[in-house]
Amino acid sequence: FATRGLGTVAARTGDADAATSLCQKSVALGDELSGPSERARDRLCLGDARRSAGDAVGALHAYREAAAIVPESDTGLAMEVAAATAQVLLTTGELAAAVDAVEPILGALAAGLPDGIDEPARVELACVEVLMAARDPRARSVLDRANARLDERAGRLQDDDRRTFL
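The sections below set out a description of the structure shown in this document. (Residues numbered from 1 in each chain as written. Predicted model: local features only at pLDDT ≥ 70, side-chain atom pairs only at ≥ 80, totals over all residues. Heavy atoms only, no water.)

### Re the packing of helix α2 (residues 16–33) against helix α3 (residues 36–52)
Where we set the bar: Axis definition: a line fitted to C-alpha atoms, limited for helices to the stretch in contact. Angles are taken between N-to-C directions and run from 0 to 180 degrees. Secondary structure follows DSSP: runs of H or I at least 4 residues long count as helices, runs of E at least 2 residues long count as strands, and numbering of each begins at the N terminus. For classification purposes, an angle smaller than 35 degrees is called roughly parallel, one larger than 145 roughly antiparallel, one from 65 to 115 roughly perpendicular, and anything else oblique. Two helices cross in a left-handed way if the nearer one is turned anticlockwise from the farther one by less than a right angle. They cross in a right-handed way if the turn is clockwise. For this analysis, residues touch if any pair of their heavy atoms sits within 4.5 Å. Residue type decides the class: Asp, Glu, Lys and Arg count as charged, Ala, Val, Leu, Ile, Met, Phe, Trp, Tyr, Cys and Pro as nonpolar, and the leftover types, Gly among them, as polar.
Running from N to C, α2 and α3 point in directions that differ by 160 degrees, and their axes come no closer than 8 Å. Classed by the angle they form, the pair α2 and α3 counts as roughly antiparallel. As for the relative orientation of α2 and α3, their crossing is left-handed in sense. Residues A16, A19, T20, C23, Q24, S26, V27, G30 and D31 of α2 form the contact with α3, whose participating residues are R39, D42, R43, C45, L46, A49, R50 and S52. In terms of residue class, the contact of α2 with α3 is made up of seven nonpolar, five polar and five charged.

Given below as structure tokens:
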């Protein structure tokens, strides 16, 4: 878990080589020691690392491996994997496939965010980006719900924490 976390940080801070190395280690360890949800999260990490390195094909491969092993009961993780997949498809010009990837997310979001999403804003952002690229009017409602969720969460924080959060 720590290796995956470090890989995620490296991917988000632009150190693609470290991210790829750490996430590959996480995949290898997870394959030996973890259940399907954690193994899928390891592959999500690897996809993010490859994406940060500019390797869209490798990222899609990792995300598709993750999607294949996410348990049906882990709706939140499935949404995260689908969102990451959609973002890569969008960047490679595969708009129709990106829209197809977010469709199941949109149905689930209409009922609210399920448990198990580590990064709900990332899921919502992917949907908004794809829908905007497709000129789909549903983008506005997804964005409005995301803003309302952030405002609600920020409202539960003390002033100093709220400024940091926002």
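### Some points on the environment of A18
Going by this rule: For the exposure calls, accessible area comes from a 1.4 Å probe over protein chains only, and a residue counts as buried if that area is under 20% of its type's maximum, exposed if over 50%, partly exposed in between.
As for its placement among the helices and strands, A18 is situated in helix α2. A relative accessible area of 25% places A18 in the partly exposed class. On a C-alpha basis, the gap between A18 and T8 in space is 9.7 Å, while along the polypeptide they are 10 residues apart.

### A closer look at the layout of surface pockets
This is how the line gets drawn: Using only the protein atoms, space was sampled on a 1 Å grid; points where a 1.4 Å probe fits but cannot get out form cavities, open sets with protein on both sides within 12 Å along at least five of seven lines form pockets, and lining residues are those with an atom within 4 Å of a point. Grid points are joined across faces, edges and corners, and a volume is the space filled by probe spheres set on the points.
Size it by volume and the largest pocket reaches roughly 230 Å³. Contributing elements (two or more residues each) for the lining of the largest pocket: α1 (2–12) and α3.

### A word on the state of the cysteines
What counts, and what does not: Working definition: a disulfide is two cysteine sulfur atoms within 2.5 Å of each other.
In total, this model carries one disulfide according to the counting rule given. The partner cysteine of C23 in its disulfide is C45, sulfur to sulfur 2.0 Å. Classification of the bridge connecting C23 and C45 rests on its S-S torsion, roughly -50 degrees, and on that basis the disulfide is left-handed. Linking C23 in helix α2 with C45 in helix α3, this pair joins segments that are 22 residues apart in sequence. A relative accessible area of 0% places C23 in the buried class. The class of C45 is buried, set by a relative accessible area of 3%.

Function cannot be read off these values alone, since they describe shape.
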